[in-house]
Amino acid sequence: MGSTSSTLLKIPNVEELMQETGFSSAHIIRLYDRFKALDKEGRGHLCPHDFGAIKELAMNPIGDRIIGAFFSPGQETVDFNTFVKILAHFRPVDKDRPKDPNSPEPINSRSNKLKFAFQLYDQDKDGKISRDELLKVLRDMLGMQVTEEQLESIADRTIQEADLDRDDAISFEEFRKSLEKVNIDHKMSIRFLR
């Protein structure tokens, strides 16, 4: 127990971090160990290239976009607390966690998971997914498995179905509506302790 306490003491604002993210102390310690392992130079922050050590991201066709989601525009490093807050999007929803009407929506809520997913597509951060942005993601994900003509057809059909206001782009609200029947919690959840 001593090592658990001493590890938690090294983490600034750990109680607030656990409250905000819903991670237990065991989760936080495991994430702290993972963060330190990625931070091979012991700088106390991660750069985009540090994420290259995560083989699942290195093999993921949109790994660069996922890594980019850890960094705000113009920001080249991420500290431990930010690292944990981003990963909290992938924490399964805790259905037993009491809902406090005065507290903000949990990071891992359906709405916040959708916002996180939306930003992976909306690369120019204009609040809409354009046909070109959708095509880039489709190319990254499907690569050589389909022809360019098929990719364009998929993009056009997707925009046609989701674009309710007919502006040739998908807003967050249209994105959310198009995914109403998708179990986003299941699709965007990682079990952090096994």
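Residues numbered from 1 in each chain as written. Predicted model: local features only at pLDDT ≥ 70, side-chain atom pairs only at ≥ 80, totals over all residues. Heavy atoms only, no water.

Quick look at the domain arrangement of the chain
Split by domain assignment, the chain resolves into domain 1 (13-89) and domain 2 (104-187). Put simply, the middle of domain 1 and the middle of domain 2, counted by C-alpha atoms, are 24 Å apart. In this complex, domain 1 contributes 11 residues to the contact, which on the side of domain 2 involves 14 residues. Of the roughly 1200 Å² buried between domain 1 and domain 2, counting both surfaces, carbon and sulfur atoms make up 67%. It is Ile62, Arg65 and His89 in domain 1 that bury the most area against domain 2; as a group they hold 58% of the surface buried on that side. There are 1 salt bridge connecting domain 1 and domain 2. Applying the counting criterion to the domain 1 and domain 2 interface returns 2 residue pairs in polar contact (both at pLDDT 80 or more). (Domains from an automatic or database assignment. Contact = heavy atoms within 4.5 Å. Buried area = accessible area lost by both parts, 1.4 Å probe. Salt bridge = Lys/Arg side-chain N within 4 Å of Asp/Glu carboxyl O. Polar contact = N/O pair within 3.5 Å; in protein donor to acceptor, adjacent residues only side chain to side chain.)

With respect to helix α2 (residues 14-21)
Every buried residue of α2 is listed here: Val14, Leu17, Met18 and Thr21. Down the axis of α2, the buried side of the element spans an arc of 95 degrees, and every buried residue falls inside it. Opposite the buried face of α2, at more than 90 degrees from it, the exposed residues are Glu15, Glu16 and Gln19. Immediately downstream of α2, the backbone of Gly22 shows phi near 85 degrees, a positive value. (Buried < 20%, exposed > 50% of the residue type's maximum accessible area, 1.4 Å probe, protein only. Helix = DSSP H or I, 4+ residues; strand = E, 2+ residues; numbered from the N terminus. Arc of directions from axis to C-beta.)

What about the UniProt feature "domain: EF-hand" (unreviewed entry) in the chain?
Here the UniProt feature "domain: EF-hand" (unreviewed entry) sits at residues 109-144 and 150-185. The span residues 109-144 is 67% helical and 8% strand by assignment, and the distance between its end C-alpha atoms comes to 35 Å. Between the C-alpha atoms that bound residues 150-185 there is a distance of 29 Å. The span itself is 61% helix and 8% strand. (UniProt positions renumbered as here; feature names shortened; annotations may be inferred.)

Some points on the packing of aromatic side chains
Tallied over the full model, the rule gives 12 aromatic pairs. With a centroid separation of 5.3 Å and 70 degrees between ring planes, the pair formed by Phe118 and Phe175 is classed as edge-to-face. Of this pair, Phe118 sits in helix α7 (residues 110-121) while Phe175 sits in helix α10 (residues 172-178), and the two are 57 residues apart along the sequence. Overall, the relative accessible area of 6% leaves Phe118 in the buried class. The buried category is assigned to Phe175, whose relative accessible area is 8%. Among the aromatic residues, ring-to-ring pairing joins Tyr32, Phe35, Phe51, Phe70, Phe71, Phe80 and Phe83 into one connected group. Here the basic side chain of Arg91 rests over the ring of Phe23, its NZ or CZ set 6.0 Å away from the ring centre. (Phe/Tyr/Trp six-rings, centres within 6.5 Å; stacked < 30°, edge-to-face > 60°. Lys NZ or Arg CZ within 6 Å of the ring centre and 35° of its normal.)

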